[in-house]
Amino acid sequence: MVASQEFFKTVERAPGGDPPAGLGIRYLAWFLDNIVVMVLLIATFFLAVWCGVVTETAVRETAWALQGGEAVTPDKQDEQGLQALQYLMGLTTLIWSMGSVVYYGCSEFWLHGQTCGKWLLGLRVVRVDGVALGAAAIFVRNLFRLIDQFPPVWIVPLFSKRSQRFGDMVAGTMVVRDSPAQP
């Protein structure tokens, strides 16, 4: 029996030893992580703009060919500008959401249940059953960020005993205050 208990000891440590993190400190960690995500997305944007400047002529010629080579009137130009703005807003939302999922997922995978914000505030994601936090649980937890970002779902952690958001409940994870590892 001792051997099986040793098998389930994880880097994350079994829950029960570490208390669930409160909503306030989790919000602060999320806020810090969003600053990191924003900086990464701004850097990606400037890289894309730089790449776009390099290929601007090719894009302009392709757009001209798609329009059938006809002249663009001011009315058509306004309509195209509005349509381009709508596409840009949709693309920005998609990139922000997916960038967030990628950042949180990769951070929690490579940093053993932590992101920069969680690490700074001494928090960690663990499995509620004490089994090691695996890639599948991290993927599911972070995929549900796309749902957890809608305001009506924000009340879910208020009614959870472990302050779990919807993604945590589905993935079987929770955020705890991280205690130093015992030798």
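See the structure above.
Residues numbered from 1 in each chain as written. Predicted model: local features only at pLDDT ≥ 70, side-chain atom pairs only at ≥ 80, totals over all residues. Heavy atoms only, no water.

## Section: the nonpolar core
By size, the foremost hydrophobic cluster in this structure holds nine residues: Ala21, Ile25, Ala29, Leu123, Val125, Leu133, Ala137, Ile138 and Val175. Mapped by element, the contributors of at least two residues to this core are α2 (23-54), β1 (123-127) and α6 (135-143). (Core = buried A, V, L, I, M, F, W, Y, C linked by side-chain atoms within 4.5 Å. Buried < 20%, exposed > 50% of the residue type's maximum accessible area, 1.4 Å probe, protein only. Helix = DSSP H or I, 4+ residues; strand = E, 2+ residues; numbered from the N terminus.)

## Examining the side chain of Asn142
If you trace the backbone, Asn142 turns up in helix α6. Overall, Asn142 belongs to the buried group, its relative accessible area being 1%. A distance of 2.7 Å separates the side chain of Asn142 from the side chain of Arg145, its partner in a polar contact. (Polar contact = N/O pair within 3.5 Å; in protein donor to acceptor, adjacent residues only side chain to side chain.)

## Description of the environment of Leu40
Mapped onto the secondary structure, Leu40 falls in helix α2. A C-alpha to C-alpha distance of 8.6 Å links Leu40 and Gly99, two positions 59 residues apart in sequence.

## A word on the pattern of salt bridges
All chains considered together, the criterion is met by eight salt bridges. We note a salt bridge from Arg127 to Asp129, for which the minimum N-O separation is 2.8 Å. The partly exposed category is assigned to Arg127, whose relative accessible area is 22%. Salt bridges linked by common partners bring Arg26, Glu108, Lys118, Arg141, Arg145 and Asp168 together as one network. (Salt bridge = Lys/Arg side-chain N within 4 Å of Asp/Glu carboxyl O.)

## Quick look at a nonpolar patch on the surface
Taken together, the side chains of Tyr27, Leu28, Trp30, Phe31, Ile35 and Val39 present a nonpolar region at the surface, about 610 Å² in accessible area. Checked against the element boundaries, Trp30 lands in helix α2. The class for Trp30 is partly exposed, based on a relative accessible area of 41%. (Patch = residues over 30% accessible without salt bridge, like charges linked within 9 Å, V, L, I, M, F, W, Y side chains within 5 Å. Areas by Shrake-Rupley, 256 points an atom, 1.4 Å probe, with all protein chains shown as cover.)

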